[in-house]
Amino acid sequence: PPDSLDNHMPKCFNMFMTLIPEFDIQRLEPLLTTPALNSPEHKTLAQELQKKLKKAHPITREAVPGSLVTMNSKVCLLDINSKKKRFVILGFPQDKNERLGIISILTDLGIKLLGSSVGDILELKENGQPVQLKVETIIFQPEAAHVNI
């Protein structure tokens, strides 16, 4: 029997296309026009997020695979070099809370996490050093739990 995701994918689906839930796109696009993002530190990140959203293939909540990182997902990341694991929740800028592990979408890691899948390796810089983080597991995903957060 065909996978439920197959019923929602375009016939010309490209496996390298970034999938992002329509619900996340609808909540993120207005964020890009907020005055707070005009600061130099946020402008570049906002532009990167905007590019990602424009290139993404929007999918319905029902079509979201359990292996896809979406907004408010809790994810286990493995640092390829140090072998240390870290747990993060991909959140909105106003929800950022380091103590709780909530990172903002408006960070290099946040932008790379959105639309990534289990097994993906994210390459970024932290404290000026190159880091490779593997998306090990999705511990919680709102779509899989059938909640709107």
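Undergrad: Any chance you could break down the overall build of the protein chain for me, citing the residues and the numbers?
TA: Broken down by element type, the protein chain carries four helices and seven strands. Counting from the amino terminus, helix and strand elements in the protein chain follow one another as β-α-α-β-β-β-β-α-β-β-α. The buried share of the protein chain, reckoned over its 149 residues, is 38%. Across the protein chain, contacts joining residues at least 24 apart in sequence account for 56% of those joining residues at least 6 apart. As displayed, the protein chain has an accessible area near 8900 Å², and 53% of this comes from carbon and sulfur atoms.

Undergrad: Give a detailed account of unusual backbone geometry, specifying residues and quantitative values.
TA: Phi at N72 is positive, roughly 70°, even though this residue is not glycine. Looking at where N72 falls in the secondary structure, it is placed in the loop between β2 (57–59) and β3 (74–79). Even without being glycine, H146 reaches a positive phi, approximately 60°. Along the chain, H146 turns up in the segment after α4 (142–145). On the basis of relative accessible area, H146 is assigned to the exposed category, the value being 74%.

Undergrad: Got a sec to walk through the side chain of D24? Specific residues and values, please.
TA: Its place among the elements puts D24 in helix α1 (residues 22–28). A distance of 2.7 Å separates a polar atom in the side chain of D24 from a polar atom in the side chain of R27. Residues within four places of D24 in sequence aside, it is in contact with T70, M71, L114 and E143.

Undergrad: Tell me what's going on with the confidence of the model for the protein chain, and back it up with residues and numbers.
TA: Confidence in the prediction of the protein chain, expressed as mean pLDDT, is 88, and 89% of residues score 70 or more. Every residue in residues 1–14 scores below 50 in pLDDT, and together they form 10 contacts with partners more than four places removed in sequence or on other chains.

Undergrad: Can you tell me about the side chain of S116, naming the residues and giving the values?
TA: One can find S116 in the loop between α3 (108–113) and β6 (121–126). The class for S116 is buried, based on a relative accessible area of 4%. Dropping the residues within four chain positions of it, S116 is found in contact with S67, L68, V69, L122 and V135.

Undergrad: Lay out the nonpolar core in plain terms, naming residues and giving numbers.
TA: Within the largest apolar cluster, 30 residues are counted, with the highest numbers of intra-cluster contacts made by L28, L49, I105, L113 and L114. Of all elements in the fold, only α1, α2 (40–55), β3, β4 (85–91), α3, β6 and β7 (129–140) reach the threshold of two or more residues within this core. Ranked by the residues each element gives to this core, the list is headed by β7, at four residues. Leaving out residues up to four positions away in the same chain, L113 has contacts with V69, V75, L77, V88, L90, I103, L122 and V135. Residues L19, I59, V64 and L68 belong to the second largest nonpolar core, which totals five residues.

Undergrad: Provide a residue-level description of the sheet that holds β6, including the pertinent values.
TA: Strand order in the open sheet formed by five strands is β5-β4-β3-β7-β6, and the pairing between neighbours is mixed. Each edge of the sheet is formed by a strand with only one pairing partner; in this case those strands are β5 (102–104) and β6. Adjacent strand axes in the sheet meet at a mean angle of 45°, parallel and antiparallel pairs treated alike. With three bridges joining them, β4 and β5 adopt parallel strand pairing. Looking at β5, one finds that L90 is bridged to I103.

What counts as what
Residues numbered from 1 in each chain as written. Predicted model: local features only at pLDDT ≥ 70, side-chain atom pairs only at ≥ 80, totals over all residues. Heavy atoms only, no water. Helix = DSSP H or I, 4+ residues; strand = E, 2+ residues; numbered from the N terminus. Buried < 20%, exposed > 50% of the residue type's maximum accessible area, 1.4 Å probe, protein only. Contact = heavy atoms within 4.5 Å. Areas by Shrake-Rupley, 256 points an atom, 1.4 Å probe, with all protein chains shown as cover. Polar contact = N/O pair within 3.5 Å; in protein donor to acceptor, adjacent residues only side chain to side chain. pLDDT = per-residue confidence, 0-100. Core = buried A, V, L, I, M, F, W, Y, C linked by side-chain atoms within 4.5 Å. Pairing = 2+ DSSP bridges. Axes fitted to C-alpha atoms, helices over the stretch in contact; angles between N-to-C directions.

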